[in-house]
Amino acid sequence: MAVHRRTLLTGVPAGVLGTQLLTRARPSDWLRDSAPGPEPDRIVLNPTPTPTRSVTVTWRTDVTTRDGVAEWIPADGGRAGRVRSKQTRVSLPSAGMAAPARHHTATMDGLDPATSYRFRVGSDTTGWSPWRRVRTAGTGTEPWTFLYFGDAQVSLDEVWPANVERALARYPGAALSLHAGDLINDADQDEQWAQWFAAAGRLASEKLVVASPGNHEYQGDDLLQQYRAHFGMPDNGPRLHREDVWFTDYQGVRFISLNGNAPFGGGDQAAWVRRLLTNNPMRWSVVTFHQPMFSATPERDNGRLRNRWLPVFEEYGVDLVLQGHDHTYARGHLASGEVGDGTHTGPVYVVSNAGGKYYPLDRGRRNNWTVNGAIRAVAYEGVTTYQAIRVHEDRLVYRSHASWFRDDPNPDGLALDEVVDAFTVERLADGRKRVVPWT
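What this report covers is the structure whose coordinates are included nearby. (Residues numbered from 1 in each chain as written. Predicted model: local features only at pLDDT ≥ 70, side-chain atom pairs only at ≥ 80, totals over all residues. Heavy atoms only, no water.)

**Concerning the packing of helix 6 (residues 267-278) against helix 7 (residues 303-315)**
Axes are the key here: two packed helices are described by the angle between their axes and the distance separating the axes. The condition is simple: Axis lines are fitted through C-alpha atoms, for helices just across the contact stretch, and the angle between N-to-C directions can take any value from 0 to 180 degrees. Helix and strand labels come from DSSP, where a helix needs a run of H or I of at least four residues and a strand needs a run of E of at least two; each type is numbered from the N terminus. For classification purposes, an angle smaller than 35 degrees is called roughly parallel, one larger than 145 roughly antiparallel, one from 65 to 115 roughly perpendicular, and anything else oblique. Contact criterion: two residues are considered in contact whenever any of their non-hydrogen atoms come within 4.5 Å of each other. Residues are grouped as follows: nonpolar covers Ala, Val, Leu, Ile, Met, Phe, Trp, Tyr, Cys and Pro; charged covers Asp, Glu, Lys and Arg; every other residue, Gly included, is treated as polar.
For the pair helix 6 and helix 7, the least separation of the axes is 9 Å and the interaxial angle reads 10 degrees. Put simply, helix 6 runs roughly parallel to helix 7. The segment helix 6 lies against helix 7, with Gly-267, Gln-269, Ala-270, Val-273, Arg-274 and Leu-277 engaging Arg-308, Trp-309, Val-312, Phe-313 and Glu-315. Of the residues in the contact of helix 6 with helix 7, the class split is 6 nonpolar, 2 polar and 3 charged.

**As for the nonpolar core**
Operational definition: In these notes, a set of buried Ala, Val, Leu, Ile, Met, Phe, Trp, Tyr and Cys residues joined through side-chain atoms within 4.5 Å is what counts as a nonpolar core. A simple rule labels every residue: compare its accessible area, found with a 1.4 Å probe on the protein chains alone, to the largest value its type can have, and call it buried under 20%, exposed over 50%, or partly exposed in between.
Ranked by size, the top nonpolar core spans 78 residues in total, and within it Val-57, Phe-146, Trp-160, Trp-196 and Phe-231 carry the most contacts. Formed by 28 residues, the second largest nonpolar core is a distinct cluster that contains Met-293, Leu-305, Val-312 and Ala-374.

**Some remarks on the environment of Ala-174**
With respect to the helices and strands, Ala-174 occurs in the loop between helix 2 (159-170) and strand 11 (176-179). By relative accessible area, Ala-174 is classed as buried at 3%. Each C-alpha atom, one on Ala-174 and one on Val-383, is 23 Å from the other, the two residues being 209 residues apart in sequence. Ignoring anything within four residues of it in the chain, the contact list for Ala-174 reads Thr-145, Leu-147 and Lys-207.

**Structural notes on the pairing of strand 22 (residues 419-427)**
Look at any regular strand and the pattern is simple: side chains alternate between the two faces of the sheet. Spelled out, the test is: One bridge is not enough; two strands pair if DSSP finds at least two bridges between them.
For strand 21 (residues 395-405) and strand 22, the ladder comprises 7 bridges, and the chain directions are antiparallel. Following the sheet pairing, Val-397 is matched in strand 22 by Thr-424. Pairing analysis gives 5 bridges linking strand 22 to strand 23 (residues 433-437), with the strands arranged antiparallel. Opposite Phe-423, over in strand 23, you have Pro-437 as the bridge partner. Where strand 22 folds back on strand 23, the antiparallel hairpin that results is connected by 5 residues, among which Gly-431 adopts a positive phi of roughly 95 degrees.

**Brief notes about helix 2**
The criterion, for reference: For a helix, the expected span equals 1.5 Å multiplied by the number of residues minus one.
With 12 residues, helix 2 ought to run about 16 Å at 1.5 Å a step, and its terminal C-alpha atoms sit 17 Å apart, in line with that. Where helix 2 is concerned, the buried positions are Val-159, Trp-160, Ala-162, Asn-163, Val-164, Ala-167 and Leu-168. Where the residues of helix 2 are buried, they touch strand 10 (144-149), strand 11, helix 3 (190-200), helix 4 (202-205), strand 20 (383-391) and strand 21.

**As for the packing of helix 2 against helix 3**
Cut-off, in case you're wondering: Crossings are assigned a handedness: left-handed for a near helix turned anticlockwise from the far helix by less than a right angle, right-handed for a clockwise turn.
The interhelical angle for the contact between helix 2 and helix 3, taken along N-to-C directions, is 20 degrees, at an axis separation of 8 Å. Between helix 2 and helix 3, the angle falls in the class roughly parallel. Pair helix 2 / helix 3 crosses with right-handed handedness. Judged by residue contacts, Trp-160, Pro-161 and Val-164 of helix 2 engage Gln-195, Trp-196, Ala-199 and Ala-200 from helix 3.

**Regarding the sheet that holds strand 19 (residues 374-380)**
On the basis of which strands lie adjacent, the open sheet formed by 7 strands has the order 13-14-15-16-18-17-19 and mixed pairing. At either end of the open sheet lies a strand with only one pairing partner, and these are strand 13 (246-250) and strand 19. Adjacent strand axes in the sheet meet at a mean angle of 15 degrees, parallel and antiparallel pairs treated alike. Here strand 15 (residues 284-288) runs beside strand 16 (residues 320-323); their pairing, made up of 3 bridges, is parallel.

**Topic: the pattern of salt bridges**
Just so we agree on the cut-off: Take a side-chain nitrogen of Lys or Arg and a carboxyl oxygen of Asp or Glu: if they are within 4 Å of each other, that pair is a salt bridge.
Tallied over the entire structure, the rule returns 20 salt bridges. One salt bridge connects Arg-84 with Asp-67, and the closest N-O pair in it is separated by 3.9 Å. On the criterion of sequence distance, the pair formed by Arg-84 in strand 4 (residues 81-84) and Asp-67 in the loop between strand 2 (55-62) and strand 3 (69-74) is long-range, its members being 17 residues apart. For Arg-84, a relative accessible area of 53% corresponds to the exposed category. For Glu-381, the salt bridge is made with Arg-363, and the minimal N-O distance between the two is 3.2 Å.

Here it is, written out as structure tokens:
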């Protein structure tokens, strides 16, 4: 098999971090700017277990605002709806938190499939958000697109906004975005959440967000309060997991979000995934979590997770395993899936980076992929990317685009928005699937 492997060489020693552009806590000006007020902000849409019929919306206000309502109406006219929010107060003991906040969660239910709605949140007492739009999932097989981002985490006021802008400019009709953890660097630094949401814009407030917790969602927030408050994920995971492990079925795809921070290797999650995939009515399956099955950065290895989860992914033929954590780009598969004609069977494992933090790529022949029976087909360092996956009835078409470089010009001569990796997962007439790489 011809292996496409383009590497951005930097001379950074193995195990040493690359450029980190993190904006740390500044004086009280940004604390005032990010403080919640009576009117809604940080509006984000999340999928329910049945996104053809319902959508969850969350938003933030100050703690004195106890009124919270979501209102909606079909964009072309029809029966309107209204529901009061459930509310959670969050107050972390940190100098980096602007002020205690009240987070509102409301589920807009009884919707029609494949229908555009106008919605707003707030109240007559304290004010309303602008009217926004959301479209429910369809029940047919018409093609649609979702976006995939690795860690935003660092340079949230520069690299992350540019990445979102480029992704939405090229794929404005994307229905949802998937984020593989570490949205921010410090969960108890409210400035970082403010920057993430400011950059996300309509990516969060008009398209569904699928977000898994990374290790930095626990940084300064051991109970995951900020993640759970800012997002209203389904509460349908295994026992003792509340919104940090869950699934949703969206128009032919079963999305499964796992928590790679499991202290004992995530055995309960493996058993739960096995049940979900045994009775999967969807044509495709996408699993996402933070710490990857195969690490692209030197001196990293997630052996406990791999031992628990990898056999399940392989046995049930998960199509895409989308991950973050390593601040490089890497894509590959198990060597046992090689067919011999340039294609392979079995899951595709991807690690990507959406922010301005870069780690060195392990360039050794014996790296974490090869020593664990996998082939790393494509690999980069020093590049920020966004990914678009087009879902068809008989294929998944994957494209990764460069959106930022640590070094400009970059050694490989890549251009902004250039496709740096691509492949197609094909479903054959007999039900088998194969992965055809980009040539």
